[in-house]
Amino acid sequence: MPLVAGTPAAPVPAHPKRERRKEARPGELLAAALELFVEKGFAATRSEEVAARAGVSKGTLFLYFPTKEELFKAVVRENISGRFQELNQEFLQFEGSAADMLREGLRLWWERVGATQASGISKLIMSEARNFPELADFCQHEVIQPCQELICGILQRGIDRGEFRPVDLRYAAANTIGAMVFLMMMKHSLGPCLPQDQRLDPQRFIAAHVDNLLQGLCVRPHGAGTALKP
């Protein structure tokens, strides 16, 4: 029905902009912090820079994250730690072979972390851990240990099912993870400086890495030599 002249319009439900903005602030602060930590490192990133990039005051930043260390921890939990929980839940329903699980695990890790800006945290940890022992300990418990446990679980599955030969799980997991760390480090260091045709293709790298791992992990026919045929 058209409004009659002089009739006040019906009130519009209030959705205060300030309220919506307040709800979005933690996510915006974490996104800004991730960008700056990857660009500049932990030590060189100042809290006021994070606040400015997120469009808020330094005081507002400290309402959510009282220290830069707490901000960094929240960035890691938001962008990396949670991925292990996701993978563990997904793998509870996985019905394929251990070899397929290993391939899928590394593929998903690259898709959800390696291919994202969060992969730059690996470079930060490697370069600054010794200067910040508390953060190094945090990353050990929140990133390295869960990653090792996930890979060890996949390897143990293969051993239990007779797909993989018995191996030292800790060191086999370290070998598996090390190549992925290398790929992320290359992405944020030498990689962008190389000519396009010399840069590593992540998917081809992961496929070759898994194939090499499986040549060493898989049970071989009795009497087979250790040397691989060309």
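Relevant structure appears above.
Residues numbered from 1 in each chain as written. Predicted model: local features only at pLDDT ≥ 70, side-chain atom pairs only at ≥ 80, totals over all residues. Heavy atoms only, no water.

1. With respect to the nonpolar core
So, step 1. If you look at the biggest cluster of nonpolar residues, it comprises 61 residues, and the most contacted ones within it are Phe-37, Leu-71, Phe-72, Ile-80, Ile-121 and Ile-206.
So, step 2. Residue assignment for this core shows that the elements contributing at least two residues are α1 (17–40), α2 (47–54), α4 (68–91), α5 (98–114), α6 (120–128), α7 (133–160), α8 (169–187) and α9 (202–217).
So, step 3. The element best represented in this core is α7, accounting for 11 residues.
So, step 4. When near neighbours in sequence (up to four residues on either side) are disregarded, Ile-121 contacts Leu-34, Phe-37, Val-38, Phe-72, Val-75, Val-76 and Ile-80. (Core = buried A, V, L, I, M, F, W, Y, C linked by side-chain atoms within 4.5 Å. Buried < 20%, exposed > 50% of the residue type's maximum accessible area, 1.4 Å probe, protein only. Helix = DSSP H or I, 4+ residues; strand = E, 2+ residues; numbered from the N terminus. Contact = heavy atoms within 4.5 Å.)

2. Focus: the environment of Leu-102
So, step 1. Structurally, Leu-102 can be placed in helix α5.
So, step 2. Distance from Leu-102 to Leu-214, taken between C-alpha atoms, is 9.3 Å for residues 112 residues apart in sequence.
So, step 3. If we skip the residues at most four places from it in the chain, Leu-102 touches Ile-154, Thr-176, Leu-213, Leu-214 and Leu-217.

3. Notes on the packing of α4 against α5
So, step 1. Where α4 meets α5, the axes come as close as 11 Å, and the angle between the chain directions of the two elements is 150°. One way to sum up the angle between α4 and α5 is to call them roughly antiparallel. In this structure, α4 meets α5 at a crossing whose hand is right-handed. The residues of α5 that touch α4, namely those facing Asn-79, Ile-80, Arg-83, Phe-84, Glu-86, Leu-87, Glu-90 and Phe-91, are Met-101, Glu-104, Gly-105, Leu-108, Trp-109, Arg-112 and Val-113.
So, step 2. Of the residues belonging to the contact of α4 with α5, the class tally is eight nonpolar, two polar and five charged. (Axes fitted to C-alpha atoms, helices over the stretch in contact; angles between N-to-C directions. Parallel < 35°, antiparallel > 145°, perpendicular 65-115°, else oblique. Left-handed = near helix turned anticlockwise from the far one by under 90°. Nonpolar A, V, L, I, M, F, W, Y, C, P; charged D, E, K, R; others polar.)

4. A short note on the packing of aromatic side chains
So, step 1. For the coordinates displayed, the defined rule picks out seven aromatic pairs.
So, step 2. The cationic tip of Lys-68 hangs over the ring face of Phe-42; the distance from NZ or CZ to the ring centre is 4.5 Å. (Phe/Tyr/Trp six-rings, centres within 6.5 Å; stacked < 30°, edge-to-face > 60°. Lys NZ or Arg CZ within 6 Å of the ring centre and 35° of its normal.)

5. Notes on α9
So, step 1. Under the 1.5 Å per step criterion, the end-to-end length of α9 is 22 Å for 16 residues, consistent within 8% with the ideal 22 Å.
So, step 2. All of the buried residues in α9 are Phe-205, Ile-206, His-209, Val-210, Leu-213, Leu-214 and Leu-217. In an axial view of α9, the angular spread of the buried residues amounts to 160°, which keeps them on one side of the axis. Opposite its buried face, α9 presents the exposed residues Arg-204 and Asn-212, each directed more than 90 degrees away.
So, step 3. Residues of α9 that are buried make contact with α5, α7 and α8. (Expected span 1.5 Å × (residues − 1). Arc of directions from axis to C-beta.)

6. A look at the packing of α4 against α7
So, step 1. Interaxial distance between α4 and α7 falls to 11 Å at its minimum, and their mutual angle equals 10°. With respect to α7, the element α4 is oriented roughly parallel. Facing α4, whose interface residues are Glu-69, Phe-72, Lys-73, Val-76, Arg-77, Ile-80, Ser-81, Phe-84, Leu-87, Asn-88 and Phe-91, α7 presents Glu-134, Leu-135, Phe-138, Cys-139, Glu-142, Val-143, Pro-146, Cys-147, Leu-150 and Ile-154.

7. What about the environment of Ser-189?
So, step 1. Locating Ser-189 in the fold gives a position in the loop between α8 and α9.
So, step 2. Residue Ser-189 is classed as partly exposed on the basis of its relative accessible area of 35%.
So, step 3. Along the backbone, Ser-189 and Lys-123 are 66 residues apart, and their C-alpha atoms lie at a distance of 8.2 Å.
So, step 4. A polar atom in the side chain of Ser-189 sits 2.5 Å from the backbone oxygen of Met-185. (Polar contact = N/O pair within 3.5 Å; in protein donor to acceptor, adjacent residues only side chain to side chain.)

8. Structural notes on α8
An α-helical turn contains 3.6 residues, so a residue and the one three or four places further along point in the same direction.
So, step 1. In this model, α8 (19 residues) spans 28 Å end to end at C-alpha, consistent with the 27 Å of a helix rising 1.5 Å per residue.
So, step 2. Along α8, the residues classified as buried are Ala-172, Ala-173, Thr-176, Ile-177, Ala-179, Met-180, Leu-183, Met-184 and Met-186.
So, step 3. Looking at the packing, one finds that the buried side of α8 touches α5, α6, α7 and α9.

9. Here we look at the environment of Val-181
So, step 1. The residue Val-181 is located in helix α8 in this model.
So, step 2. Note on Val-181: relative accessible area 22%, which makes it partly exposed.
So, step 3. Between the C-alpha atom of Val-181 and that of Ser-122, which follows or precedes it by 59 residues, the distance is 7.0 Å.

10. Examining the state of the cysteines
So, step 1. One pass over the full model with this rule turns up zero disulfides.
So, step 2. Unpaired in this structure, Cys-152 has its nearest cysteine sulfur neighbour in Cys-147, at a distance of 9.5 Å. (Disulfide = S-S within 2.5 Å.)

11. A look at the pattern of salt bridges
So, step 1. Within the structure shown, the criterion is met by 17 salt bridges.
So, step 2. When the shortest N-O distance is used, the salt bridge between Glu-70 and Lys-73 registers 3.7 Å. Pair noted here: Glu-70 and Lys-73 are both in helix α4, with a separation of three residues, about one helical turn.
So, step 3. Taking the relative accessible area as the measure of exposure, Glu-70 reaches 34% and is therefore partly exposed. (Salt bridge = Lys/Arg side-chain N within 4 Å of Asp/Glu carboxyl O.)

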